[in-house]
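Tertiary structure, described
Next come the chains, spelled out residue by residue.
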Amino acid sequence: MTQTRNHRNTRNTRNNRAGKNGRSPEARLTPGGPSMRRALRREAPSTVGLLVDAEDFAAMRRYRSFTFDDHHVYLRQVESLLRTFAAQGRHATVALFDPQDYAEYCAEEGLDPDLHGSRSRFTAEVAATGATVAYTGQPIGTLIPLLVSRAVRRATWEYATMLLADLGDCADCGQDIGRAAFDRASHLLARLLEAAGPGTHHVVCSTPAQDEQLLAIVHTTRDPDGGPVQLDPSQGAEFATVLAVGVALETRGGVVLRTTAPDTADRVHGWRLVKGDLIPLSAGEVFDAYCTDADTGEPVSPEPDVEYCAGFDLGADAPEAHR
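Notes on the structure follow. (Residues numbered from 1 in each chain as written. Predicted model: local features only at pLDDT ≥ 70, side-chain atom pairs only at ≥ 80, totals over all residues. Heavy atoms only, no water.)

Quick word on the overall build of the protein chain
In terms of helices and strands, the protein chain carries 11 helices and 10 strands. Burial status across the protein chain gives 35% buried among its 323 residues. Counting contacts in the protein chain only where the partners sit at least 6 residues apart, residues at least 24 apart contribute 61% of the total. (Helix = DSSP H or I, 4+ residues; strand = E, 2+ residues; numbered from the N terminus. Buried < 20%, exposed > 50% of the residue type's maximum accessible area, 1.4 Å probe, protein only. Contact = heavy atoms within 4.5 Å.)

In structure tokens:
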């Protein structure tokens, strides 16, 4: 009788430690256990390489391991996968998958491009070095243009950075020409945003460079109480790099500032880039630039509730750009 009672007590103690499923916490969390693997999966971020257009999708169909045959169905499946990740509380990032870059990557790394693992490795590489967008529940139709825009911005910044790096040093003073031009461009941007005052600002810089027309955009806001300008650092660096190309090469680029504020018409100001300086345009020149079709040269109707204003003086206290 005593032996039976002791056995029952021992069994009850063991069951209490194990819980209802009969397994102890130690067993559930042993290395390689299913609970630990599930916990790790919840912690691991996910990256999806996205073929954004039908042409890229068609290029991937030459690989037998790529089993999709309809781009629209493919996009719906990607969106469903992203929603699943979100429902599980997992962070997901979408990367731009370029088939040509993928083929070059596989050739350089000695990988078979017709393998799932090769595509996975390439996607991880793009996520680390290329254009990505964090998935926050946005529809696939909203996500694609955002991803493409980010890819274009990054490619423009990389190209502009390469141009500046290739300029070398000033023959007279030995200073790095690209760095000096970037410093000047950064100063001009800071002066412009400071002088723009409160409101939401949309600033566009267009600079010709060799066979390319470089374009950079920044969005900023400033409170009416005169607080600091709120500028995304990456956007600021991209804008300053593109402007610096025009400063260093002395190309005739331009900058346009559009300001939106409550209860007032939008204001548009403009400058032309001449020999490393932003020279204010007159109100008439700003109107002509905004109200002329860039492709045909034909006039277009002005926007309602928009004031076309002269550019304002940015001052002469910027660092000198060495050439």
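The rest of the description comes next.
Looking at the pattern of salt bridges
Close approach of charged atoms allows side chains with opposite charge to pair. The tally for this structure, following the rule as stated, stands at 10 salt bridges. A salt bridge links Asp266 to Arg258, with the shortest nitrogen-to-oxygen separation between them at 3.1 Å. Under the relative-accessibility criterion, Arg258 is labelled buried at 16%. Among the salt bridges present, the one from Arg272 reaches Glu285, with a minimum N-O distance of 3.1 Å. Taken together, the residues span a long stretch of sequence, with Arg272 in strand E8 (residues 266–274) and Glu285 in helix H11 (residues 283–290) at a distance of 13 residues. One salt-bridge network, in which partners are shared between bridges, spans Arg258, Asp266 and Glu303. (Salt bridge = Lys/Arg side-chain N within 4 Å of Asp/Glu carboxyl O.)

A look at the pairing of strand E4 (residues 199–209)
Pairing of E4 with strand E5 (residues 212–222), which is carried by 11 bridges, proceeds in the antiparallel orientation. Paired with Ala209 across the bridge in E5 is Glu212. The loop that links E4 with its antiparallel partner E5 comprises two residues; one of these, Gln210, has a positive phi angle of about 55 degrees. In this sheet, strand E7 (residues 254–260) lies alongside E4 in antiparallel orientation, the contact comprising seven bridges. For Thr200, the partnering residue across the bridge sits in E7 and is Thr260. (Pairing = 2+ DSSP bridges.)

Here's the deal with the sheet that holds strand E1 (residues 46–50)
Spatial ordering of the open sheet is given by E1-E2-E3, a layout of three strands whose pairing is mixed. Each end of this open sheet is capped by a strand with a single partner; those strands are E1 and strand E3 (132–134). Mean inter-strand twist for the sheet, computed between neighbouring axes without regard to direction, equals 25 degrees. Note that E1 and strand E2 (residues 92–96) share five bridges and pair parallel. Looking across to E2, one finds that Thr47 is bridged to Thr93. Sitting on the sheet, helix H5 (residues 71–87) touches E1 and E2, and the angle it makes with E1 is about 170 degrees. Against the sheet, helix H7 (residues 116–129) engages E1, E2 and E3, with an angle of about 100 degrees to E1. (Axes fitted to C-alpha atoms, helices over the stretch in contact; angles between N-to-C directions.)

A short note on the packing of aromatic side chains
Where two aromatic rings form a pair, the distance of their centres and the angle of their planes describe that pair. Under the criterion given, the structure shown has 13 aromatic pairs. Arranged with centres 5.3 Å apart and planes meeting at 75 degrees, the rings of Phe68 and Tyr74 form a pair that is edge-to-face. Among the aromatic residues, those joined into a cluster by ring pairs are Tyr63, Phe97, Tyr102, Tyr105 and Phe122. (Phe/Tyr/Trp six-rings, centres within 6.5 Å; stacked < 30°, edge-to-face > 60°.)

Considering unusual backbone geometry
Not every positive phi belongs to a glycine, and Lys275 is a case in point at roughly 50 degrees. Using a relative accessible area of 62% as the deciding quantity, one classes Lys275 as exposed. In this model, Asp305 sits at a positive phi of 60 degrees, which is unusual for a non-glycine residue. You can see Asp305 is positioned in the loop between H11 and strand E10 (306–308). Classification of Asp305 by relative accessible area gives exposed; the value is 65%.

So, the environment of Asp225
Its location among the elements puts Asp225 in the loop between E5 and strand E6 (230–231). Distance from Asp225 to Gly197, taken between C-alpha atoms, is 9.9 Å for residues 28 residues apart in sequence.

Considering the packing of H5 against helix H8 (residues 140–165)
Between H5 and H8, the least distance of the axes is 10 Å, while the angle of their chain directions is 95 degrees. One finds that H5 runs roughly perpendicular with respect to H8. Across the interface between the two elements, Leu75, Val78, Glu79 and Leu82 from H5 touch Ile140, Leu143 and Ile144 from H8. The residue makeup of the contact of H5 with H8, split by class, is six nonpolar, no polar and one charged. (Parallel < 35°, antiparallel > 145°, perpendicular 65-115°, else oblique. Nonpolar A, V, L, I, M, F, W, Y, C, P; charged D, E, K, R; others polar.)

Here's the deal with helix H10 (residues 233–249)
Across its 17 residues, H10 extends 24 Å between first and last C-alpha, which sits within 8% of the 24 Å expected from 1.5 Å per residue. Of all 17 residues making up H10, 13 are buried, and the element is well covered by its neighbours. At the C-terminal side of H10, Glu250 shows a positive phi close to 55 degrees. (Expected span 1.5 Å × (residues − 1).)

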